[in-house]
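Next come the chains, spelled out residue by residue.
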Amino acid sequence: MKKRFLGLAAVLIVGLGFIGLRFYQMRTAALEWESSSEEILSEKLHKRTDTMTMEFTSRLEAPITNIWQAFSEPERIAEFSETVRISRLLKAQGNSKLVLFELVLLGQPQRLSLEFTFIPDENRVLIKSVESQLSDIQGEYRFTPSPDGAKTLLTYSAVVKDKVSLPVPLSLQKSAARETFVSTVRALKKGLEAQNTISS
């Protein structure tokens, strides 16, 4: 009986140790994203119960036509992103694309598919999750040209609803939102650089 108790205690200690290690790894990765980076011009993050609303802005040093061209191929983001390992076009129909993503977020692998709906007349791109293990996502990217047309203001707003209850602190969830936005902006900038290389 005593051996059995000791065995259960050992399993419990190992299990708690593993959970603690994973939390420490996520917390360490999150520290890099607790403050705004140069890619974030402004941010709003708010969570009530299981739903987080967010809005980020970033200023891009390129005209809106170039931004739109780079953003219209989300299936190529893995070529330019440090966090997205795979981005694959699953379906394209009309002004919509369904894209599968495999990425690393706060050091943890994630897999999801997003539907992009392009509205060029309004300089907007709507997104929604079609398959995601952790959350349902609905949002949009808006592009606003500067008065001289040389720069573009990117605004991302979204509502993210948890599908499962995870014991993850709010600070980590906010860090994950920042990391996702910053990595998107960085990949977009690299896509713009690739455009310039081809055209020059």
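For the structure itself, look to the data block above.
Since we're looking at a predicted model, the values are computed, not measured.

Scoring rules and cut-offs
- Residues numbered from 1 in each chain as written.
- Predicted model: local features only at pLDDT ≥ 70, side-chain atom pairs only at ≥ 80, totals over all residues.
- Heavy atoms only, no water.
- Helix = DSSP H or I, 4+ residues; strand = E, 2+ residues; numbered from the N terminus.
- Contact = heavy atoms within 4.5 Å.
- Pairing = 2+ DSSP bridges.
- Axes fitted to C-alpha atoms, helices over the stretch in contact; angles between N-to-C directions.
- Buried < 20%, exposed > 50% of the residue type's maximum accessible area, 1.4 Å probe, protein only.

### Considerations on the environment of P63
Mapping P63 onto the fold places it in the loop between β2 (51-60) and α2 (64-71). For P63, the residues in contact, after removing those within four places along its chain, are G149, A150 and T152.

### Things to note about the sheet that holds strand β3 (residues 84-93)
A sheet is described by the order of its strands in space; here 8 strands give the open sequence β1-β2-β8-β7-β6-β5-β4-β3, paired in antiparallel fashion. Strands with a single pairing partner mark the edges of an open sheet, and in this sheet they are β1 (42-48) and β3. On average, adjacent strands in this sheet sit at an angle of 20 degrees to one another, irrespective of strand direction. Pairing of strand β7 (residues 135-145) with strand β8 (residues 152-162), which is carried by 11 bridges, proceeds in the antiparallel orientation. Note on β8: the bridge partner recorded for Q138 is V159. Lying on the sheet, α2 is in contact with β2, β5 (108-119), β6 (124-132), β7 and β8; it crosses β7 at an angle near 155 degrees.

### Quick notes on unusual backbone geometry
Even without being a glycine, T49 presents a positive backbone phi close to 50 degrees. Along the chain, T49 turns up in the loop between β1 and β2. Judged by relative accessible area, T49 falls into the exposed class, the value being 71%. Of note, N123 is a non-glycine position whose phi angle comes to about 55 degrees, a positive value. Take N123: it is sitting in the loop between β5 and β6.

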